[in-house]
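Each chain, letter by letter, is given below.
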Protein chains: 4
Amino acid sequence: MSGSTTGSILKITTFGESHGEAVGVVIDGFPAGMELSEKDIIPYMDRRRPGKHAVSTARNEADTPQILSGVFEGMTTGAPIMILIRNTSQHSSDYEQLRDVFRPGHADYTFYEKYGIRDHRGGGRSSGRETAARVAAGAVCAKFLGTLGIRVAAFTASIGSVAAKAGDDWVEVSRNTPTGMPDAEADLRAQEEIAKCRAEGDSLGGVIECRITGVPAGLGDPVFDKLDAALGKAMFSIGAVKAVEIGDGLRAAAVRGSENNDAFCARGDGIGKKTNHAGGILGGISDGDEICLRVYVKPTPSISKEQETVRKDHSDTLLTVQGRHDPVIVPRAVVVVESMCAITILDALLVNMSATCGGIRRFYGAQD
Amino acid sequence: MSGSTTGSILKITTFGESHGEAVGVVIDGFPAGMELSEKDIIPYMDRRRPGKHAVSTARNEADTPQILSGVFEGMTTGAPIMILIRNTSQHSSDYEQLRDVFRPGHADYTFYEKYGIRDHRGGGRSSGRETAARVAAGAVCAKFLGTLGIRVAAFTASIGSVAAKAGDDWVEVSRNTPTGMPDAEADLRAQEEIAKCRAEGDSLGGVIECRITGVPAGLGDPVFDKLDAALGKAMFSIGAVKAVEIGDGLRAAAVRGSENNDAFCARGDGIGKKTNHAGGILGGISDGDEICLRVYVKPTPSISKEQETVRKDHSDTLLTVQGRHDPVIVPRAVVVVESMCAITILDALLVNMSATCGGIRRFYGAQD
Amino acid sequence: MSGSTTGSILKITTFGESHGEAVGVVIDGFPAGMELSEKDIIPYMDRRRPGKHAVSTARNEADTPQILSGVFEGMTTGAPIMILIRNTSQHSSDYEQLRDVFRPGHADYTFYEKYGIRDHRGGGRSSGRETAARVAAGAVCAKFLGTLGIRVAAFTASIGSVAAKAGDDWVEVSRNTPTGMPDAEADLRAQEEIAKCRAEGDSLGGVIECRITGVPAGLGDPVFDKLDAALGKAMFSIGAVKAVEIGDGLRAAAVRGSENNDAFCARGDGIGKKTNHAGGILGGISDGDEICLRVYVKPTPSISKEQETVRKDHSDTLLTVQGRHDPVIVPRAVVVVESMCAITILDALLVNMSATCGGIRRFYGAQD
Amino acid sequence: MSGSTTGSILKITTFGESHGEAVGVVIDGFPAGMELSEKDIIPYMDRRRPGKHAVSTARNEADTPQILSGVFEGMTTGAPIMILIRNTSQHSSDYEQLRDVFRPGHADYTFYEKYGIRDHRGGGRSSGRETAARVAAGAVCAKFLGTLGIRVAAFTASIGSVAAKAGDDWVEVSRNTPTGMPDAEADLRAQEEIAKCRAEGDSLGGVIECRITGVPAGLGDPVFDKLDAALGKAMFSIGAVKAVEIGDGLRAAAVRGSENNDAFCARGDGIGKKTNHAGGILGGISDGDEICLRVYVKPTPSISKEQETVRKDHSDTLLTVQGRHDPVIVPRAVVVVESMCAITILDALLVNMSATCGGIRRFYGAQD
């Protein structure tokens, strides 16, 4: 396995288990010269943190990120930025029952089959806790994207049977609802559905939508490294994601070409599109429009309802997962989606710089 | 741009433009010792070839693959396998009208923005013709997977408003219907819808489903290189794909955990699952069950209906795309989906060999 | 094996065997907008071509490169550039004696051990012929470097016991001597030594020196991707290279720090060094000075003197290698060294563009 | 810059600055199932540690490695292994004089040119301290190689003008001499030369030889990823290395083919070579013989003799480097060479597993 590193020029490597000493990330290839401190990261960590609301688990992980390298006198130096997040709130004994049992819907069995050994405490490496490291990296990338006028923002589009509507103020509203919905009314209904589900010992899934604005045209590479392929990979690398749509997504497969094609038009000094069914990407390359994607998140597999399963020795057993678990992880996953999008977009932005001889010559000050 | 190479141990590099001299592929890292000749590749090329049926364009590209390296006396040697496919049926003059115009729904504008130059003849590098090279590579990979008992097969699940049902004989049926549907009745209705759409100068999209059987548990790497992330990237790298589902996909986001979790059970000498909502992947690692995914393909953007667009100089124009175009590319894309899945699964299979110390020691004959 | 691709942003993939249909290269990630035709490549191919002089083999390979993709109307498009070189002058029957015998000093045995199969005709993939593909790629890269004022040039520094001196006119002189030496007198003595060695059925090695001027300060990345590490890897990837020196090389290990350190000084608008023991690289990053390296090439292993060896079945045998072989490959390898340096420097140049936030912001026109 | 990660399947990422909080490493792709604790790493750290002998600096860095992930109940799990080494003995004030001055022979100027900012304290990222992280990774890799019968061991072959001879007991002797020489008499003379040099405020370089035994034939990939190319890159990635030889190295360029070729012969059940001029690698692939390489290390650039240099503002200045510095780094670099070799060999060992269809089929238990 060497699956913990991703990226072309900007390389992100995460490490750490749910109930080990720490989780963390090394960001290699981040450009020199940006002011950076833990204060830039903490707000992102807080959005992922459990225990804020009744919709999530009661654990209260401090999630304090420490920058241990790559920043000198408050400025990034171009050296790898290592951010460490100590694990403080561990109840490993909760997991002792799982040492020899495979939880349905979890990676227990597949890790055991692959590696012959697994850290059974809280999912180990496959735990959602690993995403804390991604969020730390996402905060750093998003800060730099912001200086270029690129904004990455996501929200909860649905939970269980409750769908939300996004108005013009969707960023602000969604940051303040417990569910991450951009719609106060839907948020309340979703909270009710979550409470009911939790009472029944069950769990819910949902949908997260991410919108990225200010992306210049030209990012992404043809063929295998299309921008939508990179974003798709990043989204499916988030544990519970079972489907990804770009732009109109599913709907595109059901309409006609004349409905799905976006007419080009003059816009300001450049060229725009009259509609954006494509979701801001054409032929794998950003077209300057808003990039829009939706990810479908399965219900949390840890439920307190009794489930059938087997032990390591193949014998049958009934399992009631104990410990504290989110009845829905969607609200906390919103910032994970944002983070993975920010990481992906920044890498594409760096790679794109060498696309033309003219751009390279200008960069190095060559005379024409 | 360095987007034309993909893979970890098995590296696939495609090259060539729609209306250039040739397209082709270099397969590097393919293991030594498999019998291989053009005869293994031609059946795959034929499935992608246009002109077989009324559902596709009237072009008749011969698509004759030539193996120019990596095979010696009929056997792969471990050296890179280069397969060249000459372009023979080019009507470049059809495209002269497009030199200064950006076709809606195509990559014309984004390539131009990125590179400052584009091969306007038939989409150049972003043409569906590039996938001929992928199919050649897919045929080679699928042959080796077959010797391991792994079968990769896809079919057309829907076109426009017509959905197909897959019976037990879906492989055989789908290989013989013009639409690639595993359902003769739906196939006829889909042909009618396509004929009607073509007559109106418009185009249709659809859905392709791929099922991969015989995959051992353990393939895929945690975190960023999850098997579903790799498959997702591979699927979104196919030009017209706008959404990807793994297993139950969208549906997983709408049900409860108790419905979505698959109960483990003893099966033969090993462990199985009573259901397969997960689609054969848990925590990014194959679980030994059938891997199932669905891709949503947008309608062909080339339509003969008049469309609004702009020229390079930003001036408005009306465009009627000329030349021969598929009213729906789904039937021809089925084998492209299969090919990209085969390439992805084989790479994961090779990477997985070094997952455990015990496996490495056994491989090298170390004593315990 | 996936060893036939190299590079970060600029990815070079070679394919083809000595006595197969063709050798060739795919250059992926080459920037759009440079004029390119076969005429740019042929002079490089000619410098590598055997048969020009008595110092090399009598074969006369035409080595005609064909650009089959990535160039449109005479201009690079950003798409992969595939260059094919057909093999025309093959005497495979010369090699029939080698089917079951391992030649000393060649890769016959190791390929067989690794792959269980080998193309015994002329070394197959490990043949020097593979470097024709690298030279084609090198010609393309060197052309673009030239537009940035970067010149990569190498010469033969010694053959057998004859060392050459490089005067101010070393580039011109070395391009016109049969040995590639920048010193007409030494060239004559080397030719004599080669003639004598050939008459005795033996072979010679030698040293190639490469000097790269006009490289801006800042190329190369700290730690594992140092510019000297990348150049070192590129040099050792050339078949017969057994040692590589950067700058003063060996001599640096024998002198004192006060002798080896290069004093910095003001130079023009910038900073220079009073001496260049470092060879233009400090801490793995170019310092703006001339980059200087030397590679040590072993004598051609194919000799007509009788040698002891074994067959596949481990039985002893005596071998007299037949066919036409260079008594020294150094003169033909000079352009291979240049090509690998050009490829390496161009990749470093592209990677370096994203080193600072300020550079990225300027590139994308962000306001300060 | 994304130069802090290296490797194909086994990916090593280091982070941290000389005078920052910590240095460390993430080892991704290490196989599951090996017992591992800090006790395996400390002996390697101790060999790199300064302050043991008069030949090195008086600093006494504790260099205590902490494994923070990837090990569960004493066993590697296949997850990334993160090893953190806190910096404890920092005298950053020693470096205040260097804030605006570029030290000759150091990376101060090139980092500044590349990044526009540098951590001037002790070289920051380009400090030899970074190698502590590599040694931690090397210890882990070497342990596993040991279980396969592969031993990686290096020694000091020369310092300044003193060359050492390696007898049969070279491993044991060299581990116990202050200089790392395998020759007690030469060790004493080298100590004298070092003492004299230190008294004069100057520094020395030297040569390190590494010998790797027990490597199976077949490691390394043809063309760009030759085993010697990978080792060469790894060696040149060590800060002060200015030349690398494989096998006979330089000498190979000066002798004839008949002298340099190693005759094959039957050996035990397999095939061996009567001599080993090649250094255990033919055509970039290991041949089963001892792999032998030599690296040439420049004298420490930090000397207390007064040196000419310039400030950031290009003005001239005279510099006397203060603080504690090794008059020669060779003895401490021996274990760094071993570590980088161990990392490289292990990666090649993992990559090689997928070279043949037969090997893959046996691994997965496919029937013939």
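For the structure itself, consult the block above.
None of these values were measured; they are calculated from a predicted model.

**A look at the overall build of chain A**
Then comes step 1: The number of helices and strands found in chain A is nine helices and 18 strands.
Then comes step 2: For 368 residues, the compact-globule estimate of 2.2 N^0.38 gives 21 Å, and the C-alpha radius of gyration of chain A, at 22 Å, lies within 12% of that figure.
Then comes step 3: In terms of principal-axis extent, the alpha carbons of chain A reach across some 75 × 50 × 35 Å.
Then comes step 4: Classification of the 368 residues of chain A by burial places 68% in the buried group.
Then comes step 5: For chain A, restricting intrachain contacts to residue pairs at least 6 apart in sequence, the fraction spanning at least 24 positions comes to 67%.
Then comes step 6: Here chain A has roughly 11300 Å² of accessible surface; of this, 47% comes from carbon and sulfur atoms.
Then comes step 7: Treating the 41 positive side-chain charges of chain A as one cloud and the 47 negative ones as another, the clouds have centres 1 Å apart.

**A look at the interface of chain D and chain A**
Then comes step 1: Counting from both sides, the interface comprises 42 residues of chain D and, opposite them, 42 residues of chain A.
Then comes step 2: Our count for the contact surface shared by chain D and chain A stands at two salt bridges.
Then comes step 3: The residue Glu-73 of chain D makes a salt bridge to Arg-99 of chain A at a minimum N-O spacing of 2.7 Å.
Then comes step 4: At the junction of chain D and chain A, the tally comes to eight residue pairs in polar contact (both at pLDDT 80 or more).

**Concerning the interface of chain C and chain D**
Then comes step 1: Opposite the 101 residues of chain C that make contact, chain D presents 101 residues.
Then comes step 2: Buried surface at the junction of chain C and chain D, summed over both partners, amounts to about 8100 Å²; 61% is from carbon and sulfur atoms.
Then comes step 3: Inspection of the chain C/chain D interface yields eight salt bridges.
Then comes step 4: Taken together, the connections running from chain C to chain D amount to 41 residue pairs in polar contact (both at pLDDT 80 or more).
Then comes step 5: It is helix 2 (residues 108-115) of chain C that contributes the most residues to the side of chain C that touches chain D, six residues altogether.
Then comes step 6: Class assignment of the residues belonging to the side of chain C that touches chain D gives a composition of 43 nonpolar, 32 polar and 26 charged.
Then comes step 7: Bridge analysis of strand 11 (residues 241-246) of chain C against strand 11 (residues 241-246) of chain D gives three bridges, and the strand direction is antiparallel. Within strand 11 of chain D, the position partnered with Glu-245 of chain C by the bridge is Ala-243 of chain D.

**Examining helix 3 (residues 131-147) of chain D**
All names here are of chain D.
Then comes step 1: Spanning 17 residues, helix 3 covers 24 Å between terminal C-alpha atoms, matching the ideal 24 Å at 1.5 Å per step.
Then comes step 2: With 14 of its 17 residues buried, helix 3 lies for the most part within the structure.
Then comes step 3: Where helix 3 ends, the next residue or the one after it, Gly-149, has phi of about 80°, a positive value.

**Digging into the side chain of Asp-63 of chain C**
Residue and element names in this part refer to chain C.
Then comes step 1: Mapped onto the elements, Asp-63 comes out in the loop between helix 1 (38-48) and strand 4 (65-67).
Then comes step 2: A distance of 2.8 Å separates polar atoms of two side chains, one belonging to Asp-63 and the other to Arg-129.
Then comes step 3: In this view, Asp-63 contacts Met-45, Arg-48, Arg-49, Ile-85 and Arg-129; residues no more than four positions away in its chain are not counted.

**With respect to the pattern of salt bridges**
Then comes step 1: This structure, assessed with the given rule, holds 112 salt bridges over all chains.
Then comes step 2: Here Arg-86 of chain A and Glu-21 of chain A are joined by a salt bridge, their closest N and O atoms 3.7 Å apart. Of the two residues, Arg-86 of chain A is situated in strand 7 (residues 81-86) and Glu-21 of chain A in the loop between strand 2 (11-16) and strand 3 (22-28); the sequence distance between them amounts to 65 residues.
Then comes step 3: For Glu-21 of chain A, a relative accessible area of 45% gives the class partly exposed.
Then comes step 4: The shortest N-O distance in the salt bridge between Glu-130 of chain C and Arg-134 of chain C comes to 2.9 Å. Neither residue differs from the other here; Glu-130 of chain C and Arg-134 of chain C are each classed as buried.
Then comes step 5: It is possible to trace a salt-bridge network through shared partners that takes in Glu-209, Arg-211, Glu-245 and Arg-294 of chain A.

**What about the relation of the copies chain D and chain A?**
Then comes step 1: Of the two same-sequence chains, chain D is brought onto chain A (RMSD 0.0 Å, axial shift 0.0 Å) by a rotation of 180°. Taken together, the rotation and translation relating the two chain copies correspond to the operation of a two-fold axis.
Then comes step 2: Both copies present the same face, since 100% of the interface residues in chain D are matched by interface residues at the equivalent positions in chain A.

**Describing unusual backbone geometry**
Then comes step 1: The backbone of Glu-73 of chain A shows a phi angle near 50°, a positive value even though the residue is not glycine.
Then comes step 2: Looking at the element boundaries, Glu-73 of chain A is found in the loop between strand 5 (71-72) and strand 6 (75-76).
Then comes step 3: A residue is classified by how much of its surface remains accessible, and Glu-73 of chain A, at 54% relative accessible area, is exposed.
Then comes step 4: In this structure, His-314 of chain C takes a positive phi of about 75° despite not being glycine.
Then comes step 5: Among the structural elements, His-314 of chain C can be located in the loop between strand 17 (307-310) and strand 18 (316-319).

Rules behind the numbers
- For every chain, the first residue of its written sequence is number 1, and the numbers climb from 1 along that sequence.
- Think of it this way: whatever chain is written first is A, whatever ligand is written first is 1, and the rest follow in order.
- Given that the model is predicted, a residue must reach a pLDDT of at least 70 before its local features are reported, and side-chain atom pairs must reach 80 or more before they are shown or counted; all residues, however, enter totals for whole chains, interfaces and linings.
- Derived side-chain values reflect all non-hydrogen atoms in the structure, with water molecules and hydrogen atoms excluded from consideration.
- Starting at the N terminus, helices and strands are each numbered in turn, a helix being any DSSP run of H or I of at least four residues and a strand any DSSP run of E of at least two.
- We compute the radius of gyration over the C-alpha atoms and compare it with the globule rule, which gives 2.2 Å times the number of residues raised to the power 0.38.
- Exposure categories follow from relative accessible area, calculated using a 1.4 Å probe and restricted to protein chains: below 20% of the type maximum is buried, above 50% is exposed, and the middle band is partly exposed.
- Two residues form a contact once any of their heavy atoms are found within 4.5 Å.
- Here the open area of atoms and residues is found with the Shrake-Rupley method and a 1.4 Å probe, where only the protein chains shown may cover a residue.
- Charged-residue counts in this description rest on Lys and Arg as positive and Asp and Glu as negative, His and the chain ends being excluded.
- Charge positions are represented by NZ for Lys, CZ for Arg, CG for Asp and CD for Glu.
- Between Lys or Arg on one side and Asp or Glu on the other, a salt bridge is scored when a side-chain nitrogen of the former is within 4 Å of a carboxyl oxygen of the latter.
- Contacts described as polar in this section are N or O atom pairs within 3.5 Å, which, within protein, must combine one atom able to donate a hydrogen with one able to accept it, while residues neighboring in sequence count only if both atoms come from side chains.
- By convention, the term buried area covers the 1.4 Å-probe accessible surface removed from two parts as they join, with the contributions of both added.
- Classes in brief: Ala, Val, Leu, Ile, Met, Phe, Trp, Tyr, Cys and Pro nonpolar; Asp, Glu, Lys and Arg charged; the others, Gly included, polar.
- In this scheme, strands are said to pair when DSSP sees at least two bridges between them.
- To estimate how far a helix should extend, the number of its residues minus one is multiplied by 1.5 Å.
- The fit set for superposing copies consists of C-alpha atoms from residues with pLDDT of at least 70 in both; the fit itself is least squares.

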